[in-house]
Amino acid sequence: MKHPQATRAAALSRLAEFTANMGHNYAHKRNFDYGPEADTEKDPWRDNVSKLSPYVRHKLLTEHELLAAAVKAHGAQGADKFVSEVLWRGYFKGWLEQRPEVWADYVNDRDARFKQLKAQGGLRKGYEQAIEGRTGIDAFDHWVKELVDTGYLHNHARMWFASIWIFTLKLPWELGADFFLQHLLDGDAASNSLSWRWVGGLHTKGKTYLATKENIAQFTGSRFAAIGLAAEAKPLEEDRNYKLRPLKIPPAPPAAAAFALLVHDEDCHPESLELPQKPSLIIGVSGPDGKSPKGVSEKVRTFAEGAVSDAVTRGADHFGCEKVMWNKGEKLSAILASAKLERLLSPWLPVGPLKDAIGKEINGNNARWVMRDYDAAIWPLATKGFFPVKKKAPDALRSLGMAL
Ligand SMILES: Cc1cc2nc3c(=O)[nH]c(=O)nc-3n(C[C@H](O)[C@H](O)[C@H](O)COP(=O)(O)OP(=O)(O)OC[C@H]3O[C@@H](n4cnc5c(N)ncnc54)[C@H](O)[C@@H]3O)c2cc1C
């Protein structure tokens, strides 16, 4: 399998390659997981799904760009299925952004589960067998290896994996979500934790996803026997009800004195941010290790750091300004002071581990937040389920010149 390069150039190249497949091909074949074995020397990318997610997750490519390419090539109707999947990402981002306690509770519960592992030998054994791919369930063990080796799993494989983890192996969902965040190049607080909650019956209360050997065989070209899967998926329960906290869209920062622009690994396309004027300095920061108390794999770290480094270099060239990295242990205020700058602008930092790690320090430097029009249009729609978002998206995005 070809490992994606963490650059915008590589993202654009993959986008150009896949655009022809975003219509009929995607609608009919997206659910099939042919596995990395289907990659050939001639075509190292399976052509039924885009594998653009590591780029989209770091905003080396924006969702706006993805949708525009799909609709231009296939028309709104022809691209409908692809458009829906891209909107799922915005739905999850907006949903979590408006219920930040879901993420905070996940972090606390995950840490408590790791403590439990230390105290309970049986649980620890089951967890170790799962993350080392030694469960004896061929499909699951294969996906563990594929995830660790490539940093990617097909969406259907992620659903089967999470279902087997929760309902067959009876392991805590938080530890499965954590394992994904350690290894997925696209590991994202919202899409990941909410998808795990969805499979377990916590997101859409009482509605679970059950992996069956027949379904796995049908969509994997009968590559696996998948013997011994749970026959039922009883919803997980929690005695919490999360309150919706409607999103407050920050006003566009006014034109004023010189400023520094922060570039972080949640937004690696500074050229397309709506800024009042050119920045005088670009400050780059990445913090992928905060995704898990166990840290992230070398592949995940390299991708996130590479994406920021690419963005900082591009941004400095584009704006004709200086650049500097904000390294661990350094004070942001000291970087600003040495550049004699008092103003800081930052692309929105969504709910998640990077915000937990550096959000306060950025705020402490009187930062103004820049939210993308696309996010400001889609995220507030995520008040309940996905389908109202899908329905309202064409209206919400029309003012951005997009005809869905
Ligand atoms: C348990 C579980 C965990 C997941 N964890 C993550 C995660 O950490 N990060 C992440 O980006 N996605 C996650 N997903 C969603 C989805 O599996 C991936 O976005 C998708 O598989 C990425 O592959 P692709 O780029 O080839 O997708 P394509 O099918 O080509 O889709 C195009 C783009 O649409 C978006 N997209 C597609 N499907 C979904 C979806 N179901 N939810 C949200 N966005 C979607 C992605 O940005 C993707 O790049 C998870 C799904 C499950 C079931």
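Residues numbered from 1 in each chain as written. Predicted model: local features only at pLDDT ≥ 70, side-chain atom pairs only at ≥ 80, totals over all residues. Heavy atoms only, no water.

**Notes on the side chain of Asn21**
Relative to the helices and strands, Asn21 is located in the loop between helix 1 (8-18) and helix 2 (24-29). A polar contact is formed between the side chain of Asn21 and the backbone oxygen of Asp47, at a distance of 3.3 Å. Contact partners of Asn21, with chain neighbours within four places excluded, come to Tyr26, Asp47 and His74. (Helix = DSSP H or I, 4+ residues; strand = E, 2+ residues; numbered from the N terminus. Polar contact = N/O pair within 3.5 Å; in protein donor to acceptor, adjacent residues only side chain to side chain. Contact = heavy atoms within 4.5 Å.)

**Some remarks on the packing of aromatic side chains**
Evaluation of the coordinates by the stated rule reveals 29 aromatic pairs. Ring centres of Phe180 and Trp196 lie 5.2 Å apart, and the angle between their planes is 75°; this geometry places the pair in the edge-to-face category. Of this pair, Phe180 sits in helix 10 (residues 173-183) while Trp196 sits in helix 11 (residues 189-200), and the two are 16 residues apart along the sequence. With a relative accessible area of 2%, Trp196 lands in the buried category. Members of the aromatic cluster, joined through ring pairs, are Phe114, Tyr127, Phe140, Phe161, Trp165, Phe179, Phe180 and Trp196. Directly above the aromatic system of Trp95 lies the positively charged group of Arg99, at a separation of 3.9 Å from the ring centroid. (Phe/Tyr/Trp six-rings, centres within 6.5 Å; stacked < 30°, edge-to-face > 60°. Buried < 20%, exposed > 50% of the residue type's maximum accessible area, 1.4 Å probe, protein only. Lys NZ or Arg CZ within 6 Å of the ring centre and 35° of its normal.)

**What to know about the pairing of strand 4 (residues 343-347)**
Extensive coverage of strand 4 is indicated by the burial of 5 of its 5 residues. Where burial is concerned, the two faces of strand 4 agree: the one with Arg343, Leu345 and Pro347 and the one with Leu344 and Ser346 are both buried. The sheet contact formed by strand 1 (residues 259-264) and strand 4 spans 3 bridges and is parallel. Within the sheet, the bridge partner assigned to Phe259 lies in strand 4 and is Arg343. Across 3 bridges, the pairing between strand 4 and strand 5 (residues 368-370) is parallel. The partner of Ser346 across the bridge, within strand 5, is Trp369. (Pairing = 2+ DSSP bridges.)

**Looking at the site of the ligand**
Within the structure, the ligand sits among 27 residues, and Tyr26, Ser50, Lys51, Tyr152 and Asn155 are positioned closest to it. Within the contact set of the ligand, an oxygen atom lies 3.5 Å away from a side-chain nitrogen or oxygen of Arg158. Asp186 has a polar backbone atom sitting 2.9 Å from a nitrogen atom of the ligand. If the ligand stood free it would expose 820 Å²; the protein chains cover 96% of that surface. Under a 2 Å grid-point criterion requiring more than half of the atoms, the pocket assigned to the ligand is the largest pocket. (Near = heavy atom within 4 Å. Areas by Shrake-Rupley, 256 points an atom, 1.4 Å probe, with all protein chains shown as cover. 1 Å grid on protein atoms, 1.4 Å probe; cavity = no way out; pocket = protein on both sides within 12 Å on 5 of 7 lines; lining within 4 Å. Sits in = over half its atoms within 2 Å of the grid points.)

**Brief notes about the domain arrangement of the chain**
As a measure of interface size, the accessible area lost when the parts come together is often cited. In terms of domain boundaries, the chain breaks down into domain 1 (8-97 + 378-398), domain 2 (110-219) and domain 3 (259-370). The distance between the C-alpha centroids of domain 2 and domain 3 comes to 31 Å. The junction of domain 2 with domain 3 conceals about 1,100 Å² of combined surface from both sides, 56% of it contributed by carbon and sulfur atoms. For the pair domain 2 and domain 3, the interface holds 0 salt bridges. If you list the elements that add at least two residues to the side of domain 2 that touches domain 3, you get helix 6 (100-119), helix 7 (121-131), helix 8 (138-150) and helix 10. (Domains from an automatic or database assignment. Buried area = accessible area lost by both parts, 1.4 Å probe. Salt bridge = Lys/Arg side-chain N within 4 Å of Asp/Glu carboxyl O.)

**Details of empty space enclosed by the protein**
Under the criterion given, the structure shown has 3 cavities of 30 Å³ or more. Estimates place the volume of the largest cavity at around 80 Å³. In this structure, the largest cavity is lined by 13 residues; those nearest its centre are Lys59, Glu266, Asp267, Trp348 and Asp375. For the lining of the largest cavity, the class distribution of residues is 6 nonpolar, no polar and 7 charged. Two domains each donate at least three residues to the lining of the largest cavity, and these are domain 1 (8-97 + 378-398) and domain 3 (259-370). (Points joined across faces, edges and corners; volume = space filled by probe spheres on them. Nonpolar A, V, L, I, M, F, W, Y, C, P; charged D, E, K, R; others polar.)

**Digging into the sheet that holds strand 5**
In spatial order, the strands read 3-2-1-4-5; together these 5 strands make up an open sheet with parallel pairing. With partners counted over all chains shown, the strands left at the sheet margins are strand 3 (322-325) and strand 5, one partner each. On average, each strand axis in the sheet is tilted by 25° relative to the strand beside it, whichever way the strands run. Helix 13 (residues 298-319) contacts strand 1, strand 2 (281-285) and strand 3 of the sheet and is inclined by roughly 175° relative to strand 2. (Axes fitted to C-alpha atoms, helices over the stretch in contact; angles between N-to-C directions.)

**So, unusual backbone geometry**
Positive phi, close to 55°, is recorded for Lys51, a residue that is not glycine. Structurally, the position occupied by Lys51 is in the loop between helix 2 and helix 3 (53-57). Positive phi outside glycine occurs at Ala226, with the angle close to 45°. A residue is classified by how much of its surface remains accessible, and Ala226, at 1% relative accessible area, is buried.

**As for the pattern of salt bridges**
For the structure on display, the rule yields 29 salt bridges. Between Glu101 and Arg245 there is a salt bridge, with the nearest N and O atoms lying 2.7 Å from each other. Here Glu101 is found in helix 6, whereas its partner Arg245 is found in the loop between helix 12 (213-219) and strand 1, with 144 residues between them in sequence. We note a salt bridge from Arg240 to Asp105, for which the minimum N-O separation is 3.6 Å. Here Arg240 is found in the loop between helix 12 and strand 1, whereas its partner Asp105 is found in helix 6, with 135 residues between them in sequence.

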